[in-house]
Amino acid sequence: MTTLTDPPAESFKLSMLVYDTRYRSYTFQIIALIGVLTLFGWLTNNTVQNLNDLGKEVDFGFLSTPAGYDINQRLIEYDNQDTHLRAAFVGLLNTLLVAVLGCVTATIIGVIVGVLRLSSNWLVARLMTVYVEMFRNVPVLMWIVLAMAILIESLPSPRDFRGDTPEATMKLFDTVAFTNRGVYVPEPLFSRGIGDLSVFGAFGISLDLIAIIVVLIGSFWVAKRIGRKADATQEATGVRPRTWHVQTAVIILPVVILLVLLGFHLGYPALQGFNFQGGTHMRNSLIALWLALSLYTAAFIAENVRAGILAISKGQTEAAAALGLRSNRIMNLVILPQALRVIIPPLISQYLNLTKNSSLAIAVGYMDITGTLMGITLNQTGRELETVLLGMLIYLVISLIISGVMNIYNERKKLVER
Amino acid sequence: MKKSVFLGALTVAGLAAGVAGAATLDDVKARGKLNCGVTTGLVGFAAPDANGEWEGFDVGVCRAVAAAVLGDPTAVEFVPTTGKTRFTALASGEIDILPRNTTWTFSRDVDLKFTFIGVNYYDGQGFMVPKELGVSSAKELDGATVCIQTGTTTELNLADFFRVNNITYEPVPIETNAEAQQQFLAGACDVYTTDASGLAATRATFENPGDYAVLPEIISKEPLGPLVRHGDDEWADIARWTLNALIAAEEYGVTSANVDELASAPTDNPEINRLLGTEGELGAMFGLEPTWAVAAIKAGGNYGELFEKNIGENTPIGLARGLNAQYTDGGLLYTPPFR
C-alpha cells in the first residue's frame with residue numbers, strides 16, 4: 001500500500017525568470033520599464049543639470065511680469081502693461097477661435113466635396129478629385145502663405161478708398177469694406193445694453209449676447225415641444241395640425257422683442273485717419289489662416305466621407321430607391337446617418353490636426369498661443385523650456401478635450417446592438 | 001501622447017546638451033569652421049549676393065573673427081536666423097557668435113546669459129512711411145497700422161512710444177524683413193518700424209526708394225553688437241578684441257591695403273606694432289597666432305572700410321557715419337588700448 005503524498009512544492013529559482021514562460025514576460029517588461037525610466041531620468045537630469053550650469057533654473061515667475069508688447073487681435077481686453085499670462089490667454093483664445101471656425105468650415109466643405117466626389121456627373125466628380133488631390137498634397141504652410149499673399153496683393157489698401165474718385169469703394173450698400181488689411185463688417189451695437197458679466201474679474205462676457213442665446217435656446221425648445229405635440233396628434237388622429245407658422249413665430253418674435261428692448265443697431269465701418277474705424281475688423285491673418293486650414297483639412301475630411309459612404313452596402317441605396325425615395329433623400333436619410341459611424345473616428349483626428357496646424361499662424365502674423373506664449377514671450381523673457389512645456393501642455397489639453405467630446409458623440413452615433 | 005512628450009523632452013535635452021561644451025575656441029579649431037549667425041537677409045548688413053556669397057557689414061565681423069582664429073576669412077558657415085530663433089541658436093551651440101543687428105540690453109546680457117562683446121553699430125529705432133501719406137512726425141501716426149518684426153526690442157519700444165504719447169496703433173507682427181517689405185509695399189501697413197539702419201537698407205532695395213520717407217523721430221537707443229554665450233570668457237575676449245582690432249586699425253590708419261607692409265617690420269608707432277604682432281605677445285595671450293589682427297584686418301578691411309563698402313554713403317543704403325565715427329571725429333567709437 002502506498003501513501004499519496006503531495007508533490008514537493010516547486011521552489012522558485014532565479015533561472016525561472018528567463019526559462020519559465022510564466023515569468024519570462026514579466027522579466028522582459030520590467031527590464032524595458034527600467035530602461036525607459038532610466039532614459040527619462042537621464043534626459044531630465046541632463047536638462048536640469050545643463051540649465052543649472054547656465055544659471056537658468058526653471059521658474060515660471062515671468063508669467064506675472066508685464067508683457068510689454070501689443071497684440072492686434074484680442075477677444076478680451078488686453079494692453080501692453082498686462083502680464084505675460086494674460087497675453088498667453090489672449091493667444092489661447094485666438095487659437096481656439098481659428099480652430100472652431102476652421103473645424104466647422106472644414107466639416108461643411110468636406111462633407112459636400114466628399115459626397116460630390118461620388119457624383120455620377122463626370123465633371124463634378126473630377127473637379128472634386130482635382131480639389132482633393134491639390135490640397136492634400138501641398139503642405140498647409142504653403143496654402144496659408146499663398147492665401148495671405150493673395151489677400152494682401154489683390155485687395156485695395158484703405159488709402160485707395162480716399163478722395164473724390166476713389167479707386168475702391170465699399171461693397172454691399174456701403175456696409176462692408178474689403179481691404180488688404182482685412183474685411184470690415186458692420187458690428188452689432190446695443191444702445192440700452194445690460195453690460196458685461198465679469199468672469200473672475202479677469203474678463204467680461206457680454207450679457208446682451210448671453211441674453212440673446214438664452215432666449216433663442218428657450219424659443220427652440222418651445223418650438224420643438226409644439227412639434228412633438230403635433231406628432232402626438234398625428235399618431236392619435238392621423239391628421240397633422242398645421243404648426244409651422246406658430247413655430248416660426250415662437251422662434252423669431254421673442255428675439256426681435258429682446259433686440260428692440262436692448263436697442264439693437266449696426267455700427268458701420270467708416271474711413272477715418274489711416275484705417276477704417278467702427279465695425280468689426282476681420283484681419284487678413286485670421287481670414288488667410290482660417291481659409292487655408294479649412295480648405296486643407298476639408299480635403300482630408302472629404303476622403304473620410306467618401307470612404308464612409310462607400311462602406312455602406314449598395315443594397316441600402318437600392319432598398320431606399322425601391323421605397324420611392326429620391327436620391328438626395330436617400331443620401332440624407334439613409335446613407336449619411338449610417339456612414340457617420342465610419343466617418344467620425346477619422347474625423348476626430350482631422351479636428352486634432354487642424355487645431356495643431358493652427359500653430360503655423362505666425363507665418364501670417366496671427367497671434368495665437370504659439371505666437372504669444374511660445375513666440376514673443378519666449379523671446380522677450382528667454383524662458384525656452386518653461387514656455388515650450390507650457391505650450392505643449394496647453395495643446396495637449398485642447399486636443400484631449402476635442403477627443404473627449406468627439407468620442408462622446410461617436411458613442412451616441414454607434415450602432416446599438418442587442 | 002506619450003510619444004510627443006518623449007520627443008519634446010528629447011528636443012529640450014538636445015537643446016540643453018549642446019550648451020555643455022565650454023571651450024568654443026577648441027571647438028571652432030577642431031571644426032575648422034566658424035558658425036556665424038546672421039539675418040535671413042538684410043542688404044548691407046548680411047545678405048547673399050548673386051553668387052550666393054554672404055556679404056555685408058555683419059558678415060565682415062564673421063569673416064574677421066574667422067580670419068583671426070583660423071587664418072581663413074572664408075572658413076565661415078553662415079547660419080541665417082530670425083529675430084525669434086537667434087538666441088536659441090546661440091544658446092544651444094548651433095552658432096559660435098551672433099553678429100546680427102542685436103540690441104545690447106540689460107536683460108539679454110544678464111537674464112538670457114549672453115555676453116555682448118562690444119558695439120559695431122550705434123543705431124536707434126525709426127519709422128518709414130510712404131510719402132503720399134503726408135506724415136511728417138511719428139506723433140501723427142495715431143490709428144496707423146504698423147508692421148513690426150516680432151521678437152525684437154523694437155516691438156517693446158513701439159508699445160512704449162505709443163503709450164507714452166497716448167496714441168493708438170495696430171501692430172502687424174511679421175517674422176522676417178522680406179515679409180515686412182511685401183506687406184509695407186502693398187499698403188497692408190502704413191508704417192514700417194525697425195532700426196534706422198535697417199530702414200535705410202530696406203528702402204535701398206525698393207523699386208522707388210524716393211517714394212518713402214524715414215521720419216525724424218528716433219525713439220530708442222539701439223546699440224547693435226555681436227554676442228556670444230556666457231561662461232566662455234576666452235572666446236568672448238577673442239571676439240571682443242577682434243572687433244576692437246578693426247576699430248583700432250581705422251584709428252591708426254591701418255587698412256587692408258597697407259597692413260602687409262606695416263606688419264612686415266616694426267613701425268615707429270608702438271600701438272600699431274603691438275596690434276599687428278611685430279612687438280609683444282598679445283596674440284599668444286589668448287592662444288592665437290601673433291598675426292591674428294593682420295588676418296582679421298585683411299579679411300575685409302578695417303572698421304571704416306567695412307562701413308564704406310557695405311553701408312556707407314556711396315552705397316545704395318547711404319548711411320552717414322554719425323555716431324559710428326571714431327571718437328577723434330566726434331563719434332562714439334573708442335577702443336581700449338592694445339597693451
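Residues numbered from 1 in each chain as written. Chains lettered and ligands numbered in written order. Predicted model: local features only at pLDDT ≥ 70, side-chain atom pairs only at ≥ 80, totals over all residues. Heavy atoms only, no water.

## Focus on the overall build of chain A
Here is step 1: In terms of helices and strands, chain A carries 12 helices and nine strands.
Here is step 2: Here chain A has a C-alpha radius of gyration of 30 Å; the compact-globule value for 418 residues is 22 Å, and the former is much larger.
Here is step 3: Counting over 418 residues, chain A shows a buried share of 39%.
Here is step 4: By sequence separation, contacts in chain A at least 24 residues apart represent 63% of the contacts at least 6 residues apart.
Here is step 5: For chain A, the exposed area adds up to about 24,100 Å²; of that, 66% sits on carbon and sulfur atoms.
Here is step 6: The averaged location of the 28 negative side-chain charges in chain A is 13 Å from the averaged location of its 32 positive side-chain charges. (Helix = DSSP H or I, 4+ residues; strand = E, 2+ residues; numbered from the N terminus. Rg over C-alpha atoms; globule rule 2.2 N^0.38 Å. Buried < 20%, exposed > 50% of the residue type's maximum accessible area, 1.4 Å probe, protein only. Contact = heavy atoms within 4.5 Å. Areas by Shrake-Rupley, 256 points an atom, 1.4 Å probe, with all protein chains shown as cover. Lys, Arg positive; Asp, Glu negative; His and termini not counted. Charge placed at Lys NZ, Arg CZ, Asp CG, Glu CD.)

## Points about the overall build of chain B
Here is step 1: The number of helices and strands found in chain B is 14 helices and 13 strands.
Here is step 2: A compact globule built from 339 residues should have a C-alpha radius of gyration of about 20 Å, and chain B, at 21 Å, falls within 12% of that.
Here is step 3: The principal-axis extent of the C-alpha atoms belonging to chain B is close to 65 × 60 × 40 Å.
Here is step 4: Looking at chain B as a whole, 58% of its 339 residues are labelled buried.
Here is step 5: Contacts in chain B between residues at least 24 apart in sequence constitute 72% of all its contacts with a sequence separation of at least 6.
Here is step 6: In the structure as shown, chain B presents an accessible area of about 13,300 Å², 52% of it carried by carbon and sulfur atoms.

## Some thoughts on empty space enclosed by the protein
Left-over empty space is what a probe sized like a water molecule reveals as it rolls over the atoms.
Residues and elements named next belong to chain B.
Here is step 1: Taken as a whole, this structure holds five cavities of 30 Å³ or more when the rule is applied.
Here is step 2: Along the walls of the largest cavity sit 21 residues, with Arg-100, Asn-101, Gln-149, Thr-194 and Asp-195 positioned nearest its centre.
Here is step 3: Of all the secondary structure elements, the ones that give two or more residues to the lining of the largest cavity are helix 6 (153-164), strand 10 (191-195), helix 8 (196-204) and strand 12 (222-224).
Here is step 4: Looking at the lining of the largest cavity residue by residue, the classes come out as two nonpolar, 14 polar and five charged.
Here is step 5: Counting residues domain by domain, the lining of the largest cavity receives three or more from each of domain 1 (21-122 + 224-329) and domain 2 (125-220). (1 Å grid on protein atoms, 1.4 Å probe; cavity = no way out; pocket = protein on both sides within 12 Å on 5 of 7 lines; lining within 4 Å. Points joined across faces, edges and corners; volume = space filled by probe spheres on them. Nonpolar A, V, L, I, M, F, W, Y, C, P; charged D, E, K, R; others polar. Domains from an automatic or database assignment.)

## Section: the side chain of B:Thr39
Here is step 1: Position of B:Thr39 relative to the elements: it lies in the loop between strand 1 (34-38) and strand 2 (47-48).
Here is step 2: In this structure the side chain of B:Thr39 is engaged in a polar contact, spanning 3.1 Å, whose partner is the backbone nitrogen of B:Gly41. (Polar contact = N/O pair within 3.5 Å; in protein donor to acceptor, adjacent residues only side chain to side chain.)

## Quick notes on the pairing of strand 9 (residues 169-174) of chain B
Residues and elements named next belong to chain B.
Here is step 1: Among the six residues in strand 9, six count as buried, and that is most of the element.
Here is step 2: Side chains Tyr-169, Pro-171 and Pro-173 of strand 9 all project onto a buried face; the interleaved residues Glu-170, Val-172 and Ile-174 project onto the opposite face, where all are buried too.
Here is step 3: Handedness of the strand 8 (residues 144-149)-helix 6-strand 9 crossover: right-handed. (Right-handed = clockwise from strand over helix to strand, strands pointing away.)

## Overview of the pattern of salt bridges
Here is step 1: Throughout the structure, instances matching the rule amount to 21 salt bridges over all chains.
Here is step 2: We note a salt bridge from A:Asp20 to A:Arg22, for which the minimum N-O separation is 2.9 Å.
Here is step 3: Taking the relative accessible area as the measure of exposure, A:Arg22 reaches 49% and is therefore partly exposed.
Here is step 4: B:Asp190 is paired through a salt bridge with A:Arg159; the nearest N and O atoms lie 3.8 Å apart. Placement of the pair is B:Asp190 in the loop between helix 7 (177-186) and strand 10 and A:Arg159 in the loop between helix 5 (140-154) and strand 1 (177-179), with the two residues belonging to separate chains. Residues B:Asp190 and A:Arg159 agree in their burial class; the two are buried.
Here is step 5: The structure contains a network of salt bridges with shared partners spanning A:Arg117, A:Glu133, A:Arg136, A:Glu303 and A:Arg306. (Salt bridge = Lys/Arg side-chain N within 4 Å of Asp/Glu carboxyl O.)

## Let's talk about the interface of chain A and chain B
Here is step 1: Of the residues lining the interface, 46 residues belong to chain A; the matching set on chain B comes to 51 residues.
Here is step 2: In total, chain A and chain B occlude about 4,000 Å² of area from one another, counting both sides; carbon and sulfur atoms represent 59% of this.
Here is step 3: On the chain A side of the contact with chain B, A:Arg159, A:Phe274 and A:Asn379 bury the most area, a combined 18% of that side's loss.
Here is step 4: Where chain A touches chain B, the interface holds five salt bridges.
Here is step 5: Between A:Arg159 and B:Glu132 there is a salt bridge; the shortest N-O distance is 3.6 Å.
Here is step 6: The interface formed by chain A and chain B includes 12 residue pairs in polar contact (both at pLDDT 80 or more).
Here is step 7: Listed by contribution, the elements that provide at least two residues to the side of chain A that touches chain B are helix 2 (21-54), helix 5, strand 9 (280-283), helix 11 (369-381) and helix 12 (384-413) of chain A.
Here is step 8: Broken down by element, the residue count for the side of chain A that touches chain B peaks at seven residues, all from helix 2 of chain A. (Buried area = accessible area lost by both parts, 1.4 Å probe.)

## Details of the packing of aromatic side chains
Residues and elements named next belong to chain A.
Here is step 1: Enumeration according to the criterion identifies 29 aromatic pairs over all chains in this entry.
Here is step 2: When the centroid spacing of 5.0 Å and the interplanar angle of 45° are considered together, the rings of Tyr-131 and Phe-135 count as tilted. Taken together, the positions of Tyr-131 and Phe-135, both in helix 4 (residues 122-136) and four residues apart, correspond to about one turn of that helix.
Here is step 3: Residue classification places Tyr-131 among the buried residues on the basis of a relative accessible area of 14%. (Phe/Tyr/Trp six-rings, centres within 6.5 Å; stacked < 30°, edge-to-face > 60°.)

## Some remarks on a nonpolar patch on the surface
Residues and elements named next belong to chain A.
Here is step 1: A cluster of nonpolar side chains, namely Val-100, Val-104, Ile-108, Ile-112 and Leu-116, defines an oily patch on the protein surface of about 430 Å² accessible area.
Here is step 2: Examined against the element boundaries, Leu-116 turns out to sit in helix 3 (residues 84-117).
Here is step 3: Looking at Leu-116, the relative accessible area reads 31%, which means it is partly exposed. (Patch = residues over 30% accessible without salt bridge, like charges linked within 9 Å, V, L, I, M, F, W, Y side chains within 5 Å.)

## A closer look at the sheet that holds strand 2 (residues 182-185) of chain A
Residue and element names in this part refer to chain A.
Here is step 1: The strand order across the open sheet built from three strands is 1-2-9, with neighbouring strands paired in antiparallel fashion. Two strands lie at the open edges of the sheet, namely strand 1 and strand 9, each paired on one side alone. Each strand of the sheet is rotated relative to its neighbour by a mean of 15°, with strand direction disregarded.
Here is step 2: Sheet strands touched by helix 8 (residues 284-310): strand 1, strand 2 and strand 9. Its angle to strand 9, the strand with the most contacts, is close to 55°. (Pairing = 2+ DSSP bridges. Axes fitted to C-alpha atoms, helices over the stretch in contact; angles between N-to-C directions.)

## Section: unusual backbone geometry
Residue and element names in this part refer to chain B.
Here is step 1: Positive phi outside glycine occurs at Lys-113, with the angle close to 60°.
Here is step 2: As for its position among the elements, Lys-113 is in the loop between helix 5 (106-110) and strand 5 (114-116).
Here is step 3: For Asn-166, which is not glycine, the phi torsion reads 60° and is therefore positive.

## Focus: a positive patch on the surface
All names here are of chain A.
Here is step 1: On the surface, Lys-224, Arg-225, Arg-228 and Lys-229 cluster together into a patch of positive charge.
Here is step 2: As for its position among the elements, Arg-225 is in helix 6 (residues 207-237).
Here is step 3: A relative accessible area of 48% means that Arg-225 is categorised as partly exposed.

## Section: helix 5 of chain A
Here is step 1: Here helix 5 of chain A is 15 residues long and its end C-alpha atoms lie 21 Å apart, about the 21 Å a rise of 1.5 Å per residue gives.
Here is step 2: Taken as a whole, helix 5 of chain A has its buried residues at A:Val140, A:Trp143, A:Ile144, A:Ala147, A:Met148, A:Leu151 and A:Ile152. Angularly, the buried residues of helix 5 of chain A cover 160° about the axis, an arc narrow enough to put them on a single face. Exposed positions of helix 5 of chain A whose direction lies more than 90 degrees from the buried face are A:Glu153 and A:Ser154.
Here is step 3: Where helix 5 of chain A is buried, its residues touch helix 4, helix 8 and helix 10 (327-357) of chain A together with helix 7 of chain B. (Expected span 1.5 Å × (residues − 1). Arc of directions from axis to C-beta.)

## Overview of helix 2 of chain A
Residues and elements named next belong to chain A.
Here is step 1: Compared with an ideal rise of 1.5 Å per residue, which puts 34 residues at 50 Å, helix 2 spans 50 Å between its outermost C-alpha atoms and is within 8% of the ideal.
Here is step 2: When we look at burial in helix 2, the residues that qualify are Thr-27, Leu-43, Asn-46, Thr-47, Asn-50, Leu-51 and Leu-54.
Here is step 3: Looking one or two residues beyond helix 2, the residue adopting positive phi is Gly-55, at roughly 80°.

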